[in-house]
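Listed below are the residues making up each chain.
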Amino acid sequence: DERITENNSRYFVLSVSADKIQVFFFEATLRWEYKFVKQALEKDPTIAFTGAVKTNVDRVYAQGRSSGDVAANGFPAGREALKKYDCVILGDVGPDDFLPGQIEGLRAYASEDGGGVLFLGGRKAFGSGGLKGSAIEEALPVVLDGEGRVFEGAVPVRLTSEGREHPAFRGLGAYFDDPAKQAALRIETCFTVKGIKPGAQLLARGEGPGGE
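Residues numbered from 1 in each chain as written. Predicted model: local features only at pLDDT ≥ 70, side-chain atom pairs only at ≥ 80, totals over all residues. Heavy atoms only, no water.

### Examining the overall build of the protein chain
For the record, the criterion: Each helix is a run of DSSP H or I of at least 4 residues and each strand a run of E of at least 2, with the numbering of both proceeding from the N terminus. We compute the radius of gyration over the C-alpha atoms and compare it with the globule rule, which gives 2.2 Å times the number of residues raised to the power 0.38. Relative accessible area decides the class of each residue, using a 1.4 Å probe on protein chains only: under 20% of the type maximum gives buried, over 50% gives exposed, and in between gives partly exposed. We call two residues contacting when some pair of their heavy atoms lies within 4.5 Å. Note on areas: Shrake-Rupley, 1.4 Å probe, and residue coverage restricted to the protein chains presented here. Charged-residue counts in this description rest on Lys and Arg as positive and Asp and Glu as negative, His and the chain ends being excluded. Charge positions come from single atoms, namely NZ of Lys, CZ of Arg, CG of Asp or CD of Glu.
Summing up its helical and strand segments, the protein chain has eight helices and eleven strands in all. Taking 212 residues into account, the globule formula puts the C-alpha radius of gyration at 17 Å, and the protein chain, at 21 Å, lies well above it. When its C-alpha atoms are laid out on the principal axes, the protein chain stretches across 80 × 50 × 30 Å. Looking at the 212 residues of the protein chain, the share that counts as buried comes to 36%. In the protein chain, of all internal contacts separated by at least 6 residues, the share reaching a separation of at least 24 is 67%. For the protein chain, the accessible area works out to roughly 13,300 Å², and carbon and sulfur atoms hold 52% of it. Counting 26 positive and 30 negative side-chain charges, the protein chain places the averaged centre of each group 2 Å from the other.

Laid out in structure tokens, this is it:
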């Protein structure tokens, strides 16, 4: 017995996109990180994964369908090729793993084109003679040490106050506070940096001997 029926419907615009998030993973060191990140990303139906792993100085193992031009080293050939990806993941890479112009193209991709860069470096990147002073360092939120200082063993990880509020760690504070669960969150290798850059957020910290 409703007397006013004009307000029983509502019109709205719905945009349906079939485009997937394009992710490119470049790894220059054979290690487990590539395998497990790849498995995790491929479980998400909204992500299209492309990867390239340098297995030798002149050999590259590629996976997935490339969204742009790829150079001989397996990395997108230039800035325009990088722009076809939404996110680039860098593994343990060094300056020698890139061809001329690729590092500068990556810097412009991150700082000017709005591309996302996730950095999962290791000894080659953080150690002595690594990426310190390169254009890639300009795209990172931290100032690299360059001295190759590393803590190995069971390095505990502590959340900062910003980390507790950040979506990346939301709801996980209890795991970091519980000594029994903290053991499962420790990392085996921790490289030092000189500090974070203006505008960057420090979400978690690995504590070396003496709290360093």
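This is not the end of the story, as more comes after the structure.
### Regarding the packing of aromatic side chains
Going by this rule: Aromatic rings from Phe, Tyr and Trp, taking only the six-membered ring of Trp, are treated as a pair when their centres fall within 6.5 Å; an angle between ring planes under 30 degrees marks them as stacked, one over 60 as edge-to-face, and anything in between as tilted.
Taken as a whole and assessed by the stated rule, the structure comprises eleven aromatic pairs. Ring geometry for F75 against F98: centres 5.3 Å apart, planes inclined by 80°, an arrangement best described as edge-to-face. Residue F75 is found in the loop between β3 (59-63) and α2 (79-82), and its partner F98 is found in the loop between β4 (87-90) and α3 (102-111); the two are separated by 23 residues along the sequence. Neither F75 nor F98 differs from the other in exposure class; each is buried. Through pairs of rings, three or more aromatic residues link up here, namely F24, F26, F75, Y85 and F98.

### Focus: the pairing of strand β5 (residues 116-119)
Quick reminder of the rule: DSSP calls a pair of strands paired once it identifies at least 2 bridges connecting them. The handedness rule is simple: strands pointing away from the viewer, and a clockwise path from the first strand over the helix to the second, make the crossover right-handed.
As judged from the four bridges shared by β4 and β5, these two strands associate in the parallel manner. Each residue of the ladder has a partner; that of I89, found in β5, is L118. Of the crossover connections in this fold, the one passing from β4 over α3 to the parallel β5 is right-handed.

### Topic: the side chain of K38
Topologically, K38 is positioned in helix α1 (residues 32-42). Look at K38 and you get buried, because its relative accessible area is 16%. Those residues within four positions of K38 in sequence are excluded, and the remaining contacts are F49 and Q63.

### Let's talk about α1
Put simply, the rule is: Comment: arc refers to directions from the helix axis out to C-beta atoms.
Restricting attention to buried positions, one finds in α1 the residues Y34, K38 and L41. On an axial view of α1, the arc spanned by its buried residues comes to 70°, and they lie on one face. On its buried face, α1 is in contact with β1 (21-27), β2 (47-56), β3 and β4.

### Comments concerning the nonpolar core
For clarity, the cut-off: Side-chain atoms within 4.5 Å link the members of a nonpolar core, which is a set of buried Ala, Val, Leu, Ile, Met, Phe, Trp, Tyr and Cys residues.
F75 and L90 are the most contacted members of the largest nonpolar core, which totals 24 residues. Elements represented by at least two residues in this core include exactly β1, β4, α3, α4 (123-126), α5 (135-139) and β6 (142-144). Top element by residues in this core is α3. It accounts for three residues. Ignoring any residue separated from it by four or fewer positions in sequence, one finds F75 in contact with F24, F26, V70, L82, V88, L90, F98, Q102 and L106. Core analysis: the second largest hydrophobic core is formed by nine residues, L41, I47, F49 and V53 among them.

### Comments concerning the sheet that holds β3
The condition is simple: Each axis is a line fitted through C-alpha atoms, taken for helices only over the stretch in contact, and angles between the N-to-C directions span 0 to 180 degrees.
Within the open sheet, the five strands sit side by side as β3-β2-β1-β4-β5. Their pairing is mixed. Either end of the sheet is taken by a strand with one partner, and the two such strands are β3 and β5. Along the sheet, successive strands turn relative to each other by an average axial angle of 15°, direction set aside. As defined by bridge partners, β1 adjoins β2 across seven bridges and the pair is classed as parallel. Pairing of V23 across the sheet is with F49, part of β2. Contacting β1, β2, β3 and β4, α1 runs over the sheet at an angle of about 165° to β2.

### Section: the pattern of salt bridges
Keep this limit in mind: Throughout this description, the term salt bridge denotes a Lys or Arg side-chain nitrogen within 4 Å of a carboxyl oxygen of Asp or Glu.
Applying the stated criterion to the full structure yields 14 salt bridges. Across the salt bridge formed by R123 and E152, the nearest N and O atoms sit 2.0 Å from each other. Remark: E152 occurs in strand β7 (residues 150-155) and R123 occurs in helix α4; sequence separation between them is 29 residues. R123 sits in the partly exposed class, given a relative accessible area of 49%.

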